[in-house]
Amino acid sequence: MRAYDIIDKKKNNIPLSPAEILYIVDGYISGEIQDYQMSAFLMAVYFNGMSFRELYSFTECMRISGEIFDLSKVHGKKIDKHSTGGVGDKTTLVVAPLVAACGGKVAKMSGRGLGFTGGTIDKLEAIPGFKTDISEEKFIKILNTIGVSVMGQTKNIVPADKKIYALRDVTATVDSIPLIASSVMSKKLASGSDKIVLEVTVGSGAFMKDLEQARILARTMVDIGKTFNKQTIAILTNMDTPLGNAVGNNLEVVEAIEVLNGGGPEDVKELCKVLAECMIEDDITKLYQNALKDSLTDGFEINSSEFSLESLGISTEINYFDSLKKSTINYSDSDEPAFIDENDLEMAYERAVSNYESNTKNDADDSDMIDMEIADNSILTGGANYDDDETLNLGSDLLSATSTLSDSTNESNDDSSSSNVEGGSIWDKITSGEALKVFAKMVELQGGDPDYIYHPEKFEKAPIIHEVISENEGYITSMDTELCGKCAGVLGAGREFLHSEIDPKAGIIFKKKTGDFVTKGDVLMELHTSDEDKLDNALELVPDIYKFGVIPPEKKPVVLGIVE
């Protein structure tokens, strides 16, 4: 087997076997396959996409390239949350302690931010004394004590992805849906949680600018999670405006504390409610009912007397991904990787196909059966949606059969029962102050000063705070949210390179956002920084952030959809 032959096959859109995928991933990690060869392979994937077999194998090979985190000593159901990122995204700081206060176990491993602002780790480390480089033993102990802990991602988790992503970053192959999905999910699957909740941001301040492309990415990641018998759900969220009013590390922690105290911006509260519901509730029907009952979104309408998934816009069509992966193999709970060589990798895929065929053979008419050759070779590209022949309308018998399979898979885990909060709504944990206490306790157990959580005015403020005054009058019709993020980064809130220093005091407080009416002289935003030169550079970007008009823009919901 040679790298040249694998690259040539992928270039010509000939599907690769699991053994070939394993060869190129392992070869690149070992140094046998060079950067220029892997670059060529990634570019071929960028243009030709991946079949399900390839995507399955590629994700698994990266997942087992390092340590598989063992959370078996954590009592109860382990839940992980991941966001594709955005401007002002501080939801983890609210949702993690909120879900823990409701009885969930939020095991969160995060990385540092690169770009607009710091990541969750950087935000938490803005709290004096807070440590994220804790041991696995301490991480598990804190989880069992209060139900939530956030630690830095270890170097041994999915090293293949680290090396491959660094290459993607310099070869213009980052924006490939199969490569994004396998990168995110290999890390989530190696982290050991039972349930994975994904927030896929969409809009001018997100990586995914287009809703349809974001929906494909969400669908792909959910499908991968289900392949590995993990409960997986994705929420599509609006990032055409910054989330909340604060962008920057200290500033976002303070805003998160405001929300945990029952205040804060409405868009942050709305999104956190939906995310918490998705993390706690396992029944999709109840999830939507709760969302509607609490008026969480403007995007879903329903006649409560005629409730059905179809009335919510949830398709009952079965995609071949769903049908196949709901009957896939169960993974071992041992510390050994599920796959150890190319034969095991090949056999696992074949077992998934065999199980699918045997489970549906007697339940479906001939017209309902999926052509497995088509399923094997269907291409998931980085551009177009699934072709019409890739999404199949299956009969009601088969729908029932696959639903039963999915239910039995979920029930196989002793800790898979829903962690519904009893005696009230999830938000009661905010109004009662319980979620804030959990957050403060996590800070204390990880070396931080909990007094900052109860008295956020203690956070150090930037020495330079500049007000941007409006020279226009009218409605703000839109904002360039990506430019908002770049402006915050220029002020010192983000890092250009991985080892760049972050100024935790730097950032932006938005006083006016899309939809607001502005008169001349109103303050649009405050720029916080420690450096006059950085302020001058940021001010050059400000004039292009806001667009004004005489007619108010149509209001967009924060939550655009849920993929389950």
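Refer to the preceding data block for the structure.
A few points on the structure. Per-chain numbering applies: the sequence of each chain, read as written, is numbered from 1 onward. Only residues with pLDDT of at least 70 get local features here, since the model is predicted, and only at 80 or more are side-chain atom pairs given and counted; chain-wide, interface and lining totals rely on the full set of residues. Only hydrogens and water are set aside when side-chain values are computed; all heavy atoms of the structure are taken into account.

Topic: the pattern of salt bridges
Where charged atoms from two side chains of opposite charge approach closely, those side chains can pair.
Stage number 1. By definition here, a salt bridge exists when the distance from a side-chain nitrogen of Lys or Arg to a carboxyl oxygen of Asp or Glu is within 4 Å. Taken as a whole and judged by the stated rule, the model has 22 salt bridges.
Stage number 2. A salt bridge links glutamate 482 to lysine 486, with the nearest nitrogen and oxygen atoms 3.8 Å apart. With a gap of 4 residues between them, glutamate 482 and lysine 486 both fall in helix 21 (residues 481-491), about one helical turn apart.
Stage number 3. For the exposure calls, accessible area comes from a 1.4 Å probe over protein chains only, and a residue counts as buried if that area is under 20% of its type's maximum, exposed if over 50%, partly exposed in between. The exposure class assigned to lysine 486 is partly exposed, which follows from its relative accessible area of 43%.
Stage number 4. Three or more residues joined by partner-sharing salt bridges are found here, namely Lys209, Glu482 and Lys486. Secondary structure elements are taken from DSSP: a helix is a run of H or I of four residues or more, a strand is a run of E of two residues or more, and numbering for both begins at the N terminus.

A closer look at the pairing of strand 6 (residues 231-238)
Stage number 1. Along strand 6, 8 of the 8 residues are buried, which leaves the element largely enclosed by surrounding structure.
Stage number 2. Covered by surrounding structure in strand 6 are Gln231, Ile233, Ile235 and Thr237 together with Thr232, Ala234, Leu236 and Asn238, the residues of both alternating faces.
Stage number 3. Convention used here: a crossover is right-handed provided that the path from the first strand, over the helix, to the second strand proceeds clockwise when the strands point away from the viewer. What joins strand 5 (residues 195-202) to strand 6 is helix 10 (residues 211-227), and the crossover it makes is right-handed.
Stage number 4. In short, DSSP must find at least two bridges between two strands for them to pair. One ladder, built from 4 bridges, connects strand 6 with strand 17 (residues 559-563); its direction is antiparallel. The residue bridging leucine 236 from the neighbouring strand is glycine 561, located in strand 17.

A closer look at a negative patch on the surface
Stage number 1. A grouping of Glu532, Asp533, Asp536 and Glu540 is seen on the molecular surface, where their side chains present a negatively charged patch.
Stage number 2. With respect to the helices and strands, aspartate 536 occurs in helix 22 (residues 532-539).
Stage number 3. Residue class for aspartate 536 comes out partly exposed when judged on its relative accessible area of 41%. Candidates for patches are residues over 30% relative accessible area with no salt bridge; among them, like charges are joined within 9 Å and nonpolar side chains (Val, Leu, Ile, Met, Phe, Trp, Tyr) within 5 Å. For the area figures, the Shrake-Rupley method with a 1.4 Å probe applies, and any residue is considered shielded solely by the protein chains shown. For the charge count, each Lys or Arg is scored as positive and each Asp or Glu as negative, with His and the chain ends excluded. A charged residue contributes its charge at one atom only: NZ of Lys, CZ of Arg, CG of Asp or CD of Glu.

A look at the sheet that holds strand 14 (residues 517-518)
Think of a sheet as strands paired side by side through backbone hydrogen bonds, with each pair either parallel or antiparallel.
Stage number 1. Taken in spatial order, the 3 strands make up an open sheet running 14-12-16, and their pairing is antiparallel. Of all strands in the sheet, those with a lone pairing partner are strand 14 and strand 16 (546-549), marking the two edges.
Stage number 2. Bridging between strand 12 (residues 474-479) and strand 14 involves 2 bridges; their strand directions are antiparallel. In the strand pairing of strand 14, tyrosine 475 is matched with phenylalanine 517.

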